[in-house]
Amino acid sequence: MTKVFIGVAWPYANGVIHLGHLAGSLLPPDIFRRYNLLKGNDVLMVSGSDQHGTPITLTAERQGVGPEEVAETFHRINSKAIEDMGISFSLFTKTHNPNHTEVVHDIFNVLRSKDLLYTRQTMQYFCQACDRFLPDRYVEGSCPKCACSNARADQCDECGTTFEVGEIKDGRCIHCEGCPEVRETEHFFLRLNEFQERLLSYLEGKDHWRPSVKTFTRNWLEGGLQDRAITRDMDWGVPVPLDGWDGKVIYVWFEAVIGYLAASKEYSSLIGEPDLWERYWKDDSARHYYFLGKDNIPFHSIIWPAILMGYGGLHLPDEIPANEYLTTKGGKLSKSRGTSIDLPSVLAEYHPDLIRYYLSINMPDHRDSEFSWPDFMTKVNNELVAELGNYYHRVLSFTRKNFGKIPEAEEADLVEVRDEVAKAFQETSRLLDDCDFKKAMKSVMELARFGNRYFDSVKPWALVKQDRVACGKVLHANLEIVRGLAIMASPFLPFSSAEVWGYLGFESSLEDAGWDGHRVPLPVGQGLKDPVPVFRKVEIEVEEPIDQGFSDFRRLELKVGEIKSVCDHPDADKLYVMQLDTGEERQVVAGLKSHYSPEDLTGKKVVVVCNLKPAKLRGVESKGMVLAADDEKLGGEGVRLLTPSDDLPNGTPVDCGLEIGGGKLDYKDFQKVDMKVFNLLKGQETVSGMVLETPPDADSNLALVCDDGKARILMAADVAITIDGDLKDGATVR
RNA sequence: AGCGGGGUGGGGUAGCCAGGAUAUCCCGUCGGGCUCAUAACCCGGAGACCGGUCGUUCAAAUCGACCCCCCGCUACCA
């Protein structure tokens with residue numbers, strides 16, 4: 001019997017958990033836990049809500065409530081959803097609780113006594129009006145680099161510049177709009193740097209770690225470890241256990257991981273065996289597994305081991321099977337069904353085993369995988385229901401109907417079946433031991449397929465009419481497969497497996513039978529229960545996308561604009577900052593410096609993308625972009641502007657006669673639009689393999705919008721847009 | 001543009017790190033069987049020059065180089 005400790009990354013109590021959490025860090029450990037319990041191992045699995053930190057206080061302020069209320073609300077919602085999904089822990093607790101505080105304090109004190117913590121003065125914003133220190137995110141001001149006026153105090157979102165405290169100009173408290181001062185404040189730092197060597201040698205024994213975990217950790221370590229501040233000036237969190245440190249708390253990245261130990265101790269107390277945790281944490285032969293998403297790797301492969309090493313005498317992580325991400329791009333759904341993938345809504349709609357199946361068979365364990373409802377439907381209906389569910393049901397219902405109980409066996413019949421079942425168990429076992437869950441699930445499904453094949457080959461429906469006894473024998477063999485499947489699938493699909501177990505007539509639980517329960521002969525004569533299919537097919541309406549062509553272009557809002565003034569970007573070699581008139585004033589930053597002089601540009605009519613999300617380029621805000629064509633990739637060297645006729649008033653839409661949708665666009669969306677420049681002849685109907693839906697009425701260089709073999713000339717109010725220079729055919733517009 | 005991850009029959013995928021004979025599985029499609037079962041199950045067929053080129057090798061989806069395309073993050077992309 002192995003002692004297995006399973007730590008599960010703590011979901012942050014600032015929102016409702018969704019399928020990404022489930023696939024990434026919750027379902028894998030639950031499968032692993034259930035498997036280990038079946039194997040008879042001694043499992044302790046803990047997690048809880050991570051309730052501290054700045055984001056929660058921000059949510060709380062926005063809602064006008066205290067942080068504890070926010071943290072408790074989400075803790076409640078998430079605990080319920082996790083439980084409903086069949087994920088069970090020895091203890092799922094939370095960080096805002098006295099036990100957690102006590103354990104964090106103990107670790108803090110021990111590390112401090114070993115001189116692994118030290119204090120240092122740092123500068124921090126302080127708001128007199130609010131009478132408190134402000135985290136960087138609470139302060140906004142203008143960026144000294146890009147002149148953006150609402151940069152956060154730690155980093156300018158526009159130009160990406162990061163700031164030290166005090167660097168930002170005209171800082172203001174986002175809470176009271178007051179002007180914060182910079183004060184000196186004292187914080188504790190962890191001597192992470194001291195652990196560099198020990199961590200490197202710890203990593204050396206971990207060759208079998210998943211490449212992403214190993215590589216990432218090694219890069220971090222080889223990049224050198226910086227000491228990190230582990231306290232913050234705020235009230236919401238674990239207080240610093242020292243006099244004179246009021247108003248400071250231990251910061252979440254240090255505190256939350258300690259939850260693994262704290263929860264282990266809390267569980268021990270709760271069940272009345274206060275020393276129980278030591279069996280897992282102070283035993284070298286125990287195995288410690290941590291399940292988390294890839295964003296969480298360094299906290300578990302570097303910081304937590306460092307803390308444990310510093311404290312001493314506690315077991316370090318053995319395995320960190322970090323998952324990649326579950327992405328959710330595809331699969332548009334009808335509105336009635338909703339597209340949300342947060343756990344409570346998904347559970348309201350579907351049986352947990354269906355979700356568990358799909359996420360298991362599609363688990364992002366070695367690479368990102370995509371979640372889509374149509375795919376969910378296909379896999380559930382054609383695999384889970386049709387193969388596994390149908391096999392359960394055809395065997396159980398047929399046997400029940402014709403025999404009512406488990407019929408006599410014939411050893412000779414069982415040889416092949418038992419061999420197949422045993423092989424499947426062996427294979428699944430091996431994969432589960434390696435935390436290779438997706439493949440393990442597939443291996444279960446293979447046995448289901450074998451079952452169907454076997455059932456067909458022995459034809460019990462025919463046999464029952466000719467030789468009732470022989471029929472009973474092959475059914476007995478099929479029941480063995482059913483039982484094997486129920487056991488083998490139960491870590492993944494606990495609810496349906498338990499149901500099947502009941503239909504087989506067992507009084508004791510599947511868990512009692514254990515992983516090796518398939519080796520025991522089935523009790524002949526045991527009464528079968530009337531089975532009900534354990535899975536039902538799901539029906540999901542998928543919205544048909546309506547393609548009218550030029551769909552990318554239609555999202556673009558282009559207008560005629562005039563360049564009013566041009567000046568150099570204060571902090572970039574290639575950029576101009578231009579003021580435009582597009583019917584309204586508009587500042588645009590453009591990379592035209594190496595192609596046009598300010599004099600060339602001033603007064604020019606141009607085509608402007610008006611519905612791009614504003615962005616800061618090198619610190620200066622840009623609200624749109626000026627279209628230009630570029631033939632450098634074709635061997636030319638020109639970047640030439642698209643120039644509408646001077647007669648067109650500013651603000652004239654450039655829509656090619658197409659209906660234009662609204663909405664703000666990302667730059668990325670703009671890039672999807674395919675626009676090219678060609679020298680066209682009057683009346684020409686095709687170019688470069690594309691049909692011109694709007695043939696030109698004069699010879700000239702014109703810009704085209706292309707889409708799927710069709711093209712339209714870029715026009716504003718029936719006047720084609722020309723190019724102010726010669727470019728090679730096919731030059732791209734950007 | 002930089003970094004990371006990918007491109008495998010119509011769609012989705014396995015295999016790739018540790019190169020070898022008919023390239024996996026699911027869906028779809030075509031034909032057949034069966035009728036116990038949730039129009040489920042079973043058998044068979046068609047369909048892939050494994051993104052491209054060049055190289056290493058007796059042998060490449062798998063190793064190397066270069067290129068093209070897609071996705072994510074980042075950027076003096078506007």
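Residues numbered from 1 in each chain as written. Chains lettered and ligands numbered in written order. Predicted model: local features only at pLDDT ≥ 70, side-chain atom pairs only at ≥ 80, totals over all residues. Heavy atoms only, no water.

The phi dihedral of C435 falls on the positive side, at around 55°, and the residue is not glycine. Mapped onto the elements of the fold, C435 is located in the loop between α14 (411–433) and α15 (437–458). A relative accessible area of 4% places C435 in the buried class. (Helix = DSSP H or I, 4+ residues; strand = E, 2+ residues; numbered from the N terminus. Buried < 20%, exposed > 50% of the residue type's maximum accessible area, 1.4 Å probe, protein only.)

What follows deals with the environment of S360. Secondary-structure assignment places S360 in helix α12 (residues 352–361). Measuring from C-alpha to C-alpha, the distance between S360 and A440 comes to 8.7 Å, with 80 residues separating the pair along the chain. The contacts of S360, once residues within four sequence positions are left out, are L27, I31, F437, K438, M441 and F492. (Contact = heavy atoms within 4.5 Å.)

This next bit is on the sheet that holds strand β13 (residues 248–250). Spatial ordering of the open sheet is given by β11-β13-β12, a layout of 3 strands whose pairing is antiparallel. Looking at which strands have only one partner, the edges of the open sheet turn out to be β11 (231–233) and β12 (238–239). Pairing analysis gives 2 bridges linking β12 to β13, with the strands arranged antiparallel. Following the sheet pairing, V238 is matched in β13 by I250. (Pairing = 2+ DSSP bridges.)

With that settled, consider the side chain of E255. Note that E255 resides in helix α7 (residues 252–255). Salt bridges are absent for the buried E255, whose nearest opposite-charge side chain, R232, sits at 11 Å. A polar side-chain atom of E255 sits 2.9 Å from a polar atom in the side chain of H100. Contact partners of E255, with chain neighbours within four places excluded, come to H52, T95, H100, V104, V238 and I250. (Lys, Arg positive; Asp, Glu negative; His and termini not counted. Salt bridge = Lys/Arg side-chain N within 4 Å of Asp/Glu carboxyl O. Polar contact = N/O pair within 3.5 Å; in protein donor to acceptor, adjacent residues only side chain to side chain.)

Let's shift gears to the packing of aromatic side chains. Overall, the coordinates contain 22 aromatic pairs when judged by the stated rule. When the centroid spacing of 6.4 Å and the interplanar angle of 90° are considered together, the rings of F398 and F455 count as edge-to-face. Here F455 lies in helix α15 and F398 lies in helix α13 (residues 373–402), a separation of 57 residues in the sequence. Given a relative accessible area of 14%, F398 falls into the buried group. (Phe/Tyr/Trp six-rings, centres within 6.5 Å; stacked < 30°, edge-to-face > 60°.)

This part is about the protein's contact with RNA strand B. Inspection of the region around RNA strand B gives 47 residues, with E383, D456, V589, A590 and Y667 positioned closest. What you see for RNA strand B is that sugar and phosphate hold 65% of its atoms within 4 Å of the protein. F535 is positioned with one of its backbone polar atoms (N or O) 2.8 Å from a base nitrogen of RNA strand B. Separating a phosphate oxygen of RNA strand B from a backbone N or O atom of G591 is a distance of 2.9 Å. (Near = heavy atom within 4 Å.)

All right, on to the environment of E184 then. Among the structural elements, E184 can be located in strand β9 (residues 181–190). Here E184 falls in the exposed class, since its relative accessible area comes to 53%. Distance from E184 to T122, taken between C-alpha atoms, is 5.7 Å for residues 62 residues apart in sequence. Non-local contacts of E184, meaning those with residues more than four positions away in its chain, are made with Q121, T122, M123 and F133.

Our focus in this paragraph is the nonpolar core. One finds L19, L22, L359, F376 and Y392 to be the most contacted residues of the largest nonpolar core, which totals 99 residues. Two domains each put at least three residues into this core: domain 1 (3–105 + 251–324) and domain 3 (350–519). The residues touching L19, leaving out its near neighbours within four places in the chain, are L326, I341, L343, V346, I355, L359 and F371. In this structure, W209, I250, Y260 and Y267 belong to the second largest nonpolar core, which totals 58 residues. (Core = buried A, V, L, I, M, F, W, Y, C linked by side-chain atoms within 4.5 Å. Domains from an automatic or database assignment.)

Attention shifts here to the domain arrangement of chain A. Taken domain by domain, chain A holds domain 1 (3–105 + 251–324), domain 2 (115–248), domain 3 (350–519) and domain 4 (553–733). Listed per partner, the contact involves 39 residues of domain 1 and 34 residues of domain 2. Roughly 3300 Å² is buried in total at the junction of domain 1 and domain 2, and carbon and sulfur atoms are behind 70% of that figure. Viewed at the interface, domain 2 and domain 1 are joined by 0 salt bridges. Where domain 1 packs against domain 2, one counts 4 residue pairs in polar contact (both at pLDDT 80 or more). No other element matches helix α10 (residues 297–311), which puts 9 residues into the side of domain 1 that touches domain 2. In terms of residue class, the side of domain 1 that touches domain 2 is made up of 21 nonpolar, 12 polar and 6 charged. (Buried area = accessible area lost by both parts, 1.4 Å probe. Nonpolar A, V, L, I, M, F, W, Y, C, P; charged D, E, K, R; others polar.)

On to the pairing of strand β20 (residues 605–609), then. Counting buried residues along β20, 5 of its 5 residues qualify, which places the element largely inside the surrounding structure. In β20, alternate side chains face the same way, and those of K605, V607 and V609 on one face and V606 and V608 on the other are all buried. For β20 and strand β23 (residues 625–626), the ladder comprises 2 bridges, and the chain directions are antiparallel. Opposite V608, over in β23, you have V626 as the bridge partner.

The strand order β19-β18-β17-β20-β23 describes an open sheet built from 5 strands, whose pairing is antiparallel. The two strands at the open ends of the sheet, each matched to only one other strand, are β19 (585–590) and β23. The sheet contact formed by strand β17 (residues 558–568) and β20 spans 5 bridges and is antiparallel. If you follow V560 over to β20, its bridge partner there is V607.

Another aspect to go through is helix α2 (residues 54–63). Of all the residues in α2, the buried ones are T54, I56, T57, T59 and A60. Close packing links the buried residues of α2 with α3 (67–84).

What the rule picks out here adds up to 26 salt bridges. Where D84 meets K80, a salt bridge forms, and the shortest distance between an N and an O atom there is 2.6 Å. Note that D84 and K80 are positioned in helix α3 at a spacing of 4 residues, about one turn of the helix. What makes D84 partly exposed here is its relative accessible area of 30%. Shared partners join several salt bridges into a network, and the residues in it are D30, R33, R34 and R356.

Attention now goes to the confidence of the model for chain A. Looking at chain A as a whole, the pLDDT averages 83, with 86% of positions reaching at least 70. Predicted confidence for residues 156–161 stays below pLDDT 50, and this span has 21 contacts to residues more than four positions away or in other chains. Of the regions scoring below 50 in pLDDT, residues 330–339 engages in 21 contacts with residues more than four places distant in sequence or in other chains. (pLDDT = per-residue confidence, 0-100.)

Bringing the environment of P407 into the picture now. Turning to its location among the elements, P407 is positioned in the loop between α13 and α14. Along the backbone, P407 and F188 are 219 residues apart, and their C-alpha atoms lie at a distance of 71 Å. Aside from chain neighbours lying at most four places away, what touches P407 is T399, G472, L475, H476, L479 and V524.

Moving on to the packing of helix α1 (residues 19–38) against α14. It is the contact of α1 with α14, at a shortest axis distance of 10 Å, that shows an interaxial angle of 125°. Between α1 and α14, the angle falls in the class oblique. Judged by the twist between their axes, the crossing of α1 over α14 is left-handed. Across the interface between the two elements, I31, F32 and Y35 from α1 touch S429, L432 and D433 from α14. Here the contact of α1 with α14 is composed, by residue class, of 4 nonpolar, 1 polar and 1 charged. (Axes fitted to C-alpha atoms, helices over the stretch in contact; angles between N-to-C directions. Parallel < 35°, antiparallel > 145°, perpendicular 65-115°, else oblique. Left-handed = near helix turned anticlockwise from the far one by under 90°.)

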